[in-house]
Amino acid sequence: MTACPRRITAGAGPIRLGQSPRTAEIARLPRDCVMNQRRRIVLRSRLWIVEAVGRGGAWERSDGRDVEEKVVGPGPCPYAVEDLAEKSGSEDLTVEEEEVEEDERRESKKNLDRTVKVAVAAAITVVLGVGNRVLYKLALVPLKHYPFFLAQLATFGYVVVYFSILYLRYHAGIVTDEMLSMPKAPFLAVGLLEALGAATGMAAGAILSGASIPILSQTFLVWQILLSIIFLGRRYRANQLLGCFLVAVGVIITVASGSSAGHSLKEAGIFWSILMIVSFLFQATDTVLKEVIFLDAARRLKGGSVDLFVVNSYGSAFQALFICLLLPFLSKLWGIPFSQLPDYLKDGAACFLNIGTSSSGCDGAPLLPLLFVVVNMGFNISLLHLLKISSAVVSSLASTFSVPISVYVFTLPLPYLGVASSLPPGFVAGAIVLVMGLLVYAWMPSVPTSASPSLPN
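Thresholds, definitions, all that
The numbering scheme is per chain: residues are counted from 1 as the chain's sequence reads. Only residues with pLDDT of at least 70 get local features here, since the model is predicted, and only at 80 or more are side-chain atom pairs given and counted; chain-wide, interface and lining totals rely on the full set of residues. The side-chain figures draw on all heavy atoms in the structure; neither hydrogens nor water molecules are used. Any two cysteine sulfur atoms lying within 2.5 Å of each other are counted as a disulfide. Here a helix means four or more residues in a row that DSSP labels H or I, a strand means two or more in a row labelled E, and each is numbered from the N terminus. A simple rule labels every residue: compare its accessible area, found with a 1.4 Å probe on the protein chains alone, to the largest value its type can have, and call it buried under 20%, exposed over 50%, or partly exposed in between. Think of a polar contact as two N or O atoms within 3.5 Å of one another; within protein, one of them needs to be a possible hydrogen donor and the other a possible acceptor, and neighboring residues in sequence only count if both atoms come from side chains. The contact criterion used is simple: two residues touch if any of their non-hydrogen atoms lie within 4.5 Å. In the sections that follow, a salt bridge refers to a side-chain nitrogen of Lys or Arg positioned within 4 Å of a carboxyl oxygen of Asp or Glu.

J.: Now, about the state of the cysteines: what can you tell me, with residues and values included?
T.: With the rule as written, the count across this model stands at one disulfide. Through a disulfide, cysteine 351 is tied to cysteine 362; the S-S separation comes to 1.9 Å. On the sign convention where negative means left-handed, the S-S torsion of about -115 degrees between cysteine 351 and cysteine 362 marks this disulfide as left-handed. Separated by 11 residues along the polypeptide, cysteine 351 in helix α13 (residues 341-353) and cysteine 362 in the loop between α13 and α14 (367-389) bring together distant segments of the chain. Among the residues examined, cysteine 351 registers a relative accessible area of 0% and is labelled buried. Overall, the relative accessible area of 2% leaves cysteine 362 in the buried class.

See below:
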């Protein structure tokens, strides 16, 4: 610091006046300096620094008495105004950098925890998806003549189970009145879409072969991407779109290799293939609408989240309502005259419980159908939970990944299924393409970080 010192002797000790060429802010002196220099006073004013230094003597008080004070410690503290200002600015910058680094570490940990949470939820969804597909096949062994009864058992059974769980969670305080007071129109739309998806899927599934349905189901992923872009404003990176494409191709190769899927599609006709694709459009719209419900609930509940069983319960209730309205149409699709539907459901219940004279050939009931209903319910809950914490596309990828694993499980010696089937010739190639698609989708390209702007001096 440039100064023009002037020495003035006054009273007990010398006083040096130093003129500062510029304005300085008031900064705290080091604690040791203040403790060791009682008589030393540093005033940092606009233009002057006044420093009183004494080696001992008397200061004259206003009442005329002299007060003796003893100077403790060495001479003046060797700190200048500019040194203190620079040190203070450096400390402020260091604190700010530490706060930024702490925020970055906290955000990084939060993202890592979320990634782990999504990965675990996706793995559980895949496992339950495989169990859902395998147990559905096993449940149809005793109920091979009553598949429509099994479908209605699952639909109406969910309403009872979901609302029972919702009731318990409400009394436990998990579900709040604010959650239950949410608008019911979106849940009504969910029920309608699920009912339409089931109706059109049943109609097309009755004509198409079993091998062609998993191939056409890959349009479900395409619908979800398009609907997410249109209604959610979501944007996907090039690697995510490529990954979804590879996943769909991998499933098609896995299922279609060694089968007559392509031939059966030509035999069934273009109409039934389009109808099956439309059914997957209804299902994709349903999942995107549920994602919209979760996003809207976060705004209505001020950052909170609606409970899964609120969505499941009301959605299943409205689905059951529309299924009842569509029963004449659905029963006709399964080849059951509507007038004979009560007798059909009665015989299906007897086979399910494995009682009565009409229960011959129902070995495995009610255990296998109940296992399917329980696992299917768990699969739907896990799928909705994954949708809640990630997105509709991620939940679709997890569900799709269960297809080739299910194909492999059916090659194992499972009970009630007789001779195990053999793997398609292109199974390994299709599985490799599918896994590559998942890796490409999950790959996060490194984004170069720009240098932090320097703070002004």
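J.: Could you give me a rundown of the side chain of glutamine 240, with the residues and numbers involved?
T.: Here glutamine 240 lies in helix α8 (residues 238-256). The buried category is assigned to glutamine 240, whose relative accessible area is 12%. A distance of 3.0 Å separates a polar side-chain atom of glutamine 240 from the backbone nitrogen of arginine 237. For glutamine 240, the residues in contact, after removing those within four places along its chain, are Arg235 and Tyr441.

J.: Describe the pattern of salt bridges, and please don't skip the residues or the numbers.
T.: Within this structure, the stated rule accounts for nine salt bridges. In this structure, glutamate 102 and arginine 106 form a salt bridge, with 3.7 Å as the shortest nitrogen-oxygen distance. Taken as a pair, glutamate 102 and arginine 106 lie in helix α2 (residues 81-139) at a separation of four residues, close to a single helical turn. On the basis of relative accessible area, arginine 106 is assigned to the partly exposed category, the value being 48%. Each of Glu102, Arg105 and Arg106 takes part in salt bridges that share partners, so that together they form one network.

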